[in-house]
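Each chain is listed here by its residues.
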Amino acid sequence: VDSNPAMLQPARAAGADVHCADLFDYLAQQPTEHYALVTSFQVVEHLPLPLLLQLLQEAWRVLRPGGMIVLETPNPENLQVAAYSFWMDPTHQRPLPPPLLLQMAQHTGFVECHIHRSSPWPVEQQAPGLPQPLPKLLYAEQDYALIARKPMP
């Protein structure tokens, strides 16, 4: 599901069943406890807080027991992402620190919540010999995903 038809073309060309729709309108039309997986890649950082909470609640509703949610977003643990590249997209609302998104998912009722960091900073772009903790702050992974499960009854 994407509201931008151009973003759907590659998936459609690969044979995927895709829908051009508003995320929230689409989720609201889906049956309760129907899906095994809800994913969102580079979306949650565009949502104001009330809509982010609504997304978690709607994902909870449409997921069957044992279903999983995966939400990927830029990683503000990397200062270069948090202070610069995140803001290159003017539609971004705010960086979401991993513990905050984790807590929101737990508050919604998700269990087995964990963070998976991805997109490592290229080694060839790192400056060797920086004192700790600078390397971790500057070269942490550029993205992370919240991965969580709706509990079984």
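One structure accompanies this document, and this report is about it.

**A few points about the layout of surface pockets**
In this structure, the largest pocket occupies an estimated 780 Å³ of space. In terms of lining residues, the largest pocket is bounded by 26 residues, among which Val-1, Asp-2, Leu-23, Thr-39 and Val-43 are the most central. Of all elements in the fold, only α2 (23-28), β1 (35-41) and α3 (49-62) reach the threshold of two or more residues within the lining of the largest pocket. With six residues, the single largest contributor to the lining of the largest pocket is β1. Class assignment of the residues belonging to the lining of the largest pocket gives a composition of 15 nonpolar, eight polar and three charged.

**Points about the pattern of salt bridges**
Proximity of charged atoms lets side chains of opposite charge pair with each other. Under the defined criterion, the tally for this structure stands at four salt bridges. Between Arg-61 and Glu-58 there is a salt bridge, and its shortest N-O distance comes to 3.0 Å. Remark: Glu-58 and Arg-61 occur in helix α3; sequence separation between them is three residues, near one turn of the helix. Of the charged contacts, one joins Glu-112 and Arg-149 as a salt bridge, the two residues approaching to 3.2 Å between their closest N and O atoms. You can see Glu-112 sitting in strand β3 (residues 111-118) and its partner Arg-149 sitting in strand β4 (residues 143-149), a full 37 residues away along the chain. Exposure remark for Arg-149: the relative accessible area of 26% places this residue in the partly exposed category.

The rules behind these values
- Residues numbered from 1 in each chain as written.
- Predicted model: local features only at pLDDT ≥ 70, side-chain atom pairs only at ≥ 80, totals over all residues.
- Heavy atoms only, no water.
- 1 Å grid on protein atoms, 1.4 Å probe; cavity = no way out; pocket = protein on both sides within 12 Å on 5 of 7 lines; lining within 4 Å.
- Points joined across faces, edges and corners; volume = space filled by probe spheres on them.
- Helix = DSSP H or I, 4+ residues; strand = E, 2+ residues; numbered from the N terminus.
- Nonpolar A, V, L, I, M, F, W, Y, C, P; charged D, E, K, R; others polar.
- Salt bridge = Lys/Arg side-chain N within 4 Å of Asp/Glu carboxyl O.
- Buried < 20%, exposed > 50% of the residue type's maximum accessible area, 1.4 Å probe, protein only.

Interpretation in functional terms is not warranted from these geometric data alone.
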